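Survey of secondary and tertiary structure
The lines below spell out each chain.
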Amino acid sequence: MFYQQRGHLPLKKHTTFYREGSQLYREELTSTRGFSGIYSTKYHIHAPPQLMQVDSYQGAFVSTWEEAPLQPYHFDTNLTDLTQSDAVPMDTSLSKATQTKDAPTHSKGTIPRRDFLSARRIYLKNAYCQIGTAQITQNTDVFYKNAYAHELWFVHHGAGEYRSEYGRLTFQPGDYLLIPKGTLGQITFTQLEEAKLLMIESTEPFQIPKHFRNASGQLLEQAPYCERDFRTPELPLPVDQSGEFELVLKAGDRWFHYLLNHHPLDVVGWDGYLYPFTFNIRDYCPIVGKLHQPPPVHLVFHAQHLVVCNFVPRLFDFHPEAIPAPYFHSNVDSEEVLYYVDGNFMSRSGIQSGSMTLHPMGLPHGPQPGKTEASIGKKEVDEYAVMIDTFHPLQLTTQAQECSVKGYAHSWLEAP
Ligand SMILES: [Fe+2]
């Protein structure tokens, strides 16, 4: 992360900073690792902790699929119907727990109306992360904050704007949005027809790998991206508005609803190293080699308990006898989750855009029958995919069970 400064700031921290007359702006420090990690300092028109009301909230339903066998999985996340697990109301922007009784039913074959808050489906989780998707069909005015986790959203479909205390970030398909833990914001889609996010929560921050940076933090020449590829928020004029404003807060598997007495995007200036930003997968410059390169060359972000890699269109290996398809491998220390975005996926059959696969620890995986031979002599691949490798076992949820594609675990069987 790099130092950023927006809007109006006093010359020194923790000094008087007047709005008009004797009215002080309210200084708020958002820090990490106690006061020892990166942080930002914001200046608000209104004092931030003003809560009018606190309620529980019916958020994403997470129930563990306890009897799930340890085996490879294929999940079809392109859902067109609403199942029992989506026990949240869809036709209001506010889905408080008290309203869930009258949740509408939906017929198969239709995409139900779901906003950013009610659309989240979580398939895989452990103590350090949750992995899911959201197919969003309507916007909401409710603000959102994750209290316990950093969030990484990959925009598969849709475009729009994420407005937070730090300012405005526009997004488009292929963008990663990195939202630090504790960031208050609101997402609005301008293209809702197929809006879909891949959503990854991590208790530890998503970071740019150290080996991509020099001792001063600057990205190295051999890194697959550079500082110019990262987009940071533009701070518009603050909103000075009193009234009732809704905030939904996610805290692990618990959700809460708050009423604030002022519009929370009332920041006149901020500076620091902690803020949301975006990066587009198409700006990732892949590293290629004479022979098959291992997954770490596809690294894009890492956190303490997981890594995020992405596969992008690239030239294949240039040894005359190279096998471009990956060799079989065993994930002894990681669970491998792959989300297929676009293009032709060279090593797997029966996979489509929006498919998610899980290859757990303890079992080898690799190309399906015929894929190794088919790759020989190929010069390039046009796939886009996002891979999440977690270093602790993942639990499957009942939402994963509902979209699990039968037969995938046996799809490596070769014909006699
Ligand atoms: Fe793998």
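Along each chain, the written sequence defines residue order, and numbers are assigned to residues from 1. The model is predicted, so local features are restricted to residues of pLDDT at least 70 and side-chain atom pairs to those at 80 or more, both for listing and for counting; the totals for chains, interfaces and linings are taken over all residues.

1. Remarks on the overall build of the protein chain
What counts as a helix is a DSSP run of H or I of at least four residues, what counts as a strand is a run of E of at least two, and both are numbered from the N terminus. Counting its regular elements, the protein chain contains two helices and 28 strands. For a compact globule of 416 residues, the expected C-alpha radius of gyration is about 22 Å, and the protein chain comes in at 23 Å, within 12% of that figure. C-alpha atoms of the protein chain, sized along the principal axes, occupy 85 × 55 × 35 Å. Counting other C-beta atoms within 10 Å of a residue's own tells you its class, since 20 or more makes it buried, 12 or fewer makes it exposed, and anything in between is partly exposed; those C-beta atoms are placed from the backbone. Residues classed as buried in the protein chain amount to 39% of the 416 residues present. In this treatment the radius of gyration is a C-alpha quantity, and the globule benchmark scales as 2.2 Å times the residue count to the 0.38 power.

2. A few points about the pairing of strand β24 (residues 355–359)
For a regular strand, side chains alternate in direction, first toward one face of the sheet and then toward the other. Among the five residues that make up β24, five are buried, leaving the element largely enclosed by the rest of the structure. What you see with β24 is no split at all: S355, T357 and H359 on one side and M356 and L358 on the other are buried throughout. Any two strands between which DSSP finds at least two bridges are classified as paired. Two elements, strand β7 (residues 73–76) and β24, share four bridges in a ladder whose sense is antiparallel. Along β24, the bridge assignment pairs D76 with S355. The sheet contact formed by strand β23 (residues 335–342) and β24 spans four bridges and is antiparallel. Each bridged residue has a counterpart across the sheet, and for E336 the counterpart in β24 is H359.

3. Quick word on the sheet that holds strand β20 (residues 306–311)
Reading across from one edge, β7-β24-β23-β27-β20-β19 is the order of the six strands in this open sheet, with antiparallel pairing throughout. Two strands close off the open sheet at either side, each with one partner strand: β7 and β19 (299–303). If you compare each strand with its neighbour and ignore which way they point, the axes differ by 15 degrees on average. Note: β23 against strand β27 (residues 384–390), seven bridges, orientation antiparallel. Paired with Y340 across the strands is A385, a residue of β27. Interaxial angles span 0 to 180 degrees and are taken between N-to-C directions of axes, which are lines fitted to C-alpha atoms, for helices over the stretch in contact.

4. Brief notes about the nonpolar core
In this usage, the nonpolar core is the set of buried Ala, Val, Leu, Ile, Met, Phe, Trp, Tyr and Cys residues whose C-beta atoms join them within 7 Å. Residues L152, Y339 and A385 are the most contacted members of the largest nonpolar core, which totals 74 residues. At seven residues, the largest contribution of residues to this core is made by strand β14 (residues 185–202). Whether two residues are in contact depends on their C-beta atoms, placed from the backbone: they are in contact if these lie within 7 Å. Residues in contact with L152, not counting those within four places in the same chain, are Y176, L178, I200, F206, F301 and V308. With ten residues, the next largest nonpolar core counts Y25, W270, L274 and Y275 among its residues.

5. Focus: the sheet that holds strand β17 (residues 267–272)
Strand order in the open sheet made by the four strands is β1-β17-β5-β4, with antiparallel pairing throughout. The open sheet has two edge strands with one neighbour each: β1 (4–7) and β4 (26–31). Averaged over all adjacent pairs, the angle separating strand axes in this sheet is 15 degrees, with direction ignored. By the bridge criterion, four bridges tie β1 to β17 in an arrangement that is antiparallel. Each bridged residue has a counterpart across the sheet, and for R6 the counterpart in β17 is W270.

6. Examining the environment of W153
Following the sequence through the fold, W153 ends up in strand β11 (residues 150–164). Distance in space between the C-alpha atoms of W153 and P224 is 20 Å, their sequence separation being 71 residues. If sequence neighbours within four positions are ignored, W153 has contacts with L177, I179, L197 and M199.

7. Here we look at the pairing of strand β15 (residues 242–251)
Sheet topology places strand β10 (residues 143–146) next to β15; four bridges connect them, and they run parallel. Of the residues in β15, the one forming a bridge with Y144 is V248. For β15 and strand β16 (residues 254–262), the ladder comprises eight bridges, and the chain directions are antiparallel. Bridge pairing links A251 to R254 in β16.

8. Considerations on the environment of F279
Relative to the elements of secondary structure, F279 occurs in strand β18 (residues 277–280). For F279, a count of 20 C-beta atoms within 10 Å corresponds to the buried category. Distance in space between the C-alpha atoms of F279 and T232 is 9.3 Å, their sequence separation being 47 residues. Apart from residues lying up to four places away in sequence, F279 is in contact with Y176, Y225, D229 and F230.

9. A few points about the confidence of the model for the protein chain
Counting all residues, the mean pLDDT for the protein chain is 90, and 92% of those residues have values of 70 or more. pLDDT is a per-residue confidence score from the predictor, ranging from 0 to 100. In the model, residues 81–111 has pLDDT below 50 throughout and makes 54 contacts with residues more than four positions away in sequence or in other chains.

10. Some points on unusual backbone geometry
Positioned with a positive phi, H14 is a non-glycine residue whose angle comes to about 60 degrees. In the Ramachandran plot, R33 falls in the positive-phi region, its phi being about 55 degrees despite a non-glycine side chain. Following the sequence through the fold, R33 ends up in the loop between β4 and β5 (39–44). The exposed category is assigned to R33, around which 9 C-beta atoms lie within 10 Å.

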